[in-house]
Amino acid sequence: MIHEEAGKGEYRDKEMTDACIRAVVESIHSSPTQAVLYLSGGASLALGWLMSIPGASNTVLEAVVPYSRMSMIQLLAKIPAQYCGQQTADEMALLAYNRALKLSSPGSPVLGVGFTGSLATTRPKLGDHRFHLSTRTHDRHWASTVSLSKGLRSRDQEEKVSSCFLLKAIANACKVPSTFDSELTESEVADECERFFSEDQELEQLINGQICFKVYPFSSDTSNADRKIILSGSFNPLHDGHLKLLEVATSICGNGYPCFELSAINADKPPLLISQIKDRVLQFEKVEKTVIVSNQPYFYKKAELFPGSAFVIGADTAVRLINPKYYDGRYDKMLETLTGCKRTGCTFIVAGRNVEGAFKVLEDFDIPEALRDMFVSIPAERFRMDISSSEIRKSRGM
């Protein structure tokens, strides 16, 4: 009878835990956060919980399990100092964060998760049973190491503990409460550290190449957010011509998320100062238009960052794009580079501009036949504005 009551109690506890886990996952799926998860060596149940409860597509952009050594080496693009270590989990989380930036809807908060574990297995282990966890958002890095009591649990039970701990960390990063117990004992204290980033620090990370871009989602427009219509430039200053050009290009494309893109790195000039970036971003906030700050000055690199996008350019830029002069004088290199852009699904929407003293449109140039379907012309009657940022600066004595 006593054993029977104990069994019923365990069953009730399991039901309560399962209900709490489900409630937390539903809250995660209801949050706006979109995540990429890289998990190795444990916490597999957490992925099952996230994927099996309706709403997973709201949250999970991608989940990768680099389980073999070679898989981990390829993910990190190097041999890690430790396959199961905090540094490795941190590097996984940063990679996952950058991947989430590329896959997410514009303006959605993103989360990168890295987990690496060394749990109970079929043979005795010399070292600790442990796991390392790292989460990265735009303004926060959180890391934790947990050493488990050796011999206390089976592999299944260690999977459950690590999965609960991971789910609580994801909930915390998504700013939703988690009410279930991760089932650690009193002696199994997590060694945690947390760092917050200011906007200046985040932009510094962007300039240094740690993160690939930062989105300032000032616009409320989220129509067909999977495809971006991007007008790149230095925007020094932003003017009505830029705004009108993106508006016309968006109407020609028919759908997509219109946004501007400012590169902090220039091809032939020093990087922008953080103060300069913030000043230029402020212009977009005033007109309520989304701007992405990236660290890629070249379109073939922008195409890798924003696959499937339509880039809005002037005829002066179009003529440089197809000029072998900018590809070490090699026509084949130009063709190869732009064909690579084409494979990403990118197109170029071309507006007329003054080129060497005369107004030119796309049709005035000889686009290689293999690339012609990448280029779409904006008719001059729909958009023509000869003013440029440099002329505005000159008129203002800047």
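As recorded by an unreviewed UniProt entry, the protein carries the name Nucleotidylyl transferase superfamily protein and is attributed to Theobroma cacao.

1. Some details on the overall build of the protein
Along the protein, the regular secondary structure elements total 13 helices and 15 strands. By its C-alpha atoms, the protein is 95 × 40 × 40 Å across when sized along the principal axes. By the burial criterion, 48% of the 398 residues in the protein qualify as buried. Put simply, of all contacts in the protein between residues at least 6 apart along the chain, 73% involve residues at least 24 apart. Carbon together with sulfur atoms contributes 51% to the accessible area of the protein, which is approximately 19900 Å² in total. Across the protein, the centroid of the 45 positively charged side chains sits 5 Å from that of the 49 negatively charged ones.

2. Thoughts on the packing of helix H4 (residues 69-76) against helix H5 (residues 86-103)
Contact geometry of H4 with H5 gives a least axis separation of 10 Å together with a crossing angle of 55 degrees. Classified by the interaxial angle, the pair formed by H4 and H5 is oblique. Along this stretch, H4 crosses H5, giving a crossing that reads as left-handed. Judged by residue contacts, Met72, Leu75 and Leu76 of H4 engage Thr88, Glu91, Met92 and Leu95 from H5. The residue inventory of the contact of H4 with H5, partitioned by class, reads 5 nonpolar, 1 polar and 1 charged.

3. So, the packing of aromatic side chains
Scanning the entire structure with this criterion turns up 13 aromatic pairs. Between phenylalanine 213 and phenylalanine 306 the ring centres are 5.0 Å apart and the planes differ by 45 degrees, which places this aromatic pair in the tilted class. With phenylalanine 213 in strand S7 (residues 213-216) and phenylalanine 306 in the loop between helix H10 (299-305) and strand S11 (310-314), this residue pair connects regions lying 93 residues apart in the sequence. Ring pairing ties together the aromatic residues Phe115, Phe131, Trp142 and Phe165, which thus form one cluster. We note lysine 214 situated over the ring of tyrosine 216; from NZ or CZ to the ring centre the distance is 4.9 Å. Over the ring of phenylalanine 359 we find arginine 384, and its NZ or CZ is 3.7 Å from the ring centre.

4. Some thoughts on unusual backbone geometry
The residue after asparagine 236, namely proline 237, is reached through a cis peptide bond having omega 5 degrees. Along the polypeptide, proline 237 turns up in the loop between strand S8 (228-232) and helix H8 (240-253). Positioned with a positive phi, phenylalanine 235 is a non-glycine residue whose angle comes to about 50 degrees. Along the chain, phenylalanine 235 falls in the loop between S8 and H8. Here the phi dihedral of glutamate 356 falls at roughly 50 degrees; this positive angle occurs in a residue that is not glycine. Here glutamate 356 shows up in the loop between strand S13 (353-355) and strand S14 (358-360). On the basis of relative accessible area, glutamate 356 is assigned to the exposed category, the value being 82%.

5. A word on the environment of leucine 238
Of note, leucine 238 is situated in the loop between S8 and H8. Taking relative accessible area as the criterion, leucine 238 reaches 14% and is therefore assigned buried.

6. Thoughts on the pattern of salt bridges
Tallied over the entire structure, the rule returns 17 salt bridges. Taking the shortest distance from any N to any O, the salt bridge between aspartate 328 and lysine 333 comes out at 2.6 Å. Overall, lysine 333 belongs to the partly exposed group, its relative accessible area being 28%.

7. Observations concerning the domain arrangement of the protein
As assigned here, the protein comprises domain 1 (1-196) and domain 2 (201-396). Between the C-alpha centres of domain 1 and domain 2 the distance comes to 39 Å. Counting residues at the interface gives 12 residues for domain 1, matched by 14 residues for domain 2. For the pair domain 1 and domain 2, the two sides together bury roughly 1100 Å², of which 55% comes from carbon and sulfur. Among the residues domain 1 hides against domain 2, the three largest losses belong to Leu101, Lys102 and Pro106. Together they make up 47% of the total. The tally of links from domain 1 across to domain 2 stands at 0 salt bridges. Applying the counting criterion to the domain 1 and domain 2 interface returns 3 residue pairs in polar contact (both at pLDDT 80 or more). For the side of domain 1 that touches domain 2, the element with the most residues is H5, which contributes 5 residues. Partitioned by chemical class, the residues of the side of domain 1 that touches domain 2 number 5 nonpolar, 5 polar and 2 charged.

8. Some points on the side chain of threonine 116
If you trace the backbone, threonine 116 turns up in strand S3 (residues 110-118). On the basis of relative accessibility, which here comes to 2%, the residue threonine 116 falls in the buried class. At 2.8 Å, the side chain of threonine 116 forms a polar contact with the backbone oxygen of tyrosine 83. Those residues in contact with threonine 116 that lie beyond four places of it in its chain are Ser40, Tyr83, Cys84, Gly85, Ala89, Met92, Phe131 and His132.

Definitions and limits used
- Residues numbered from 1 in each chain as written.
- Predicted model: local features only at pLDDT ≥ 70, side-chain atom pairs only at ≥ 80, totals over all residues.
- Heavy atoms only, no water.
- Helix = DSSP H or I, 4+ residues; strand = E, 2+ residues; numbered from the N terminus.
- Buried < 20%, exposed > 50% of the residue type's maximum accessible area, 1.4 Å probe, protein only.
- Contact = heavy atoms within 4.5 Å.
- Areas by Shrake-Rupley, 256 points an atom, 1.4 Å probe, with all protein chains shown as cover.
- Lys, Arg positive; Asp, Glu negative; His and termini not counted.
- Charge placed at Lys NZ, Arg CZ, Asp CG, Glu CD.
- Axes fitted to C-alpha atoms, helices over the stretch in contact; angles between N-to-C directions.
- Parallel < 35°, antiparallel > 145°, perpendicular 65-115°, else oblique.
- Left-handed = near helix turned anticlockwise from the far one by under 90°.
- Nonpolar A, V, L, I, M, F, W, Y, C, P; charged D, E, K, R; others polar.
- Phe/Tyr/Trp six-rings, centres within 6.5 Å; stacked < 30°, edge-to-face > 60°.
- Lys NZ or Arg CZ within 6 Å of the ring centre and 35° of its normal.
- Salt bridge = Lys/Arg side-chain N within 4 Å of Asp/Glu carboxyl O.
- Domains from an automatic or database assignment.
- Buried area = accessible area lost by both parts, 1.4 Å probe.
- Polar contact = N/O pair within 3.5 Å; in protein donor to acceptor, adjacent residues only side chain to side chain.

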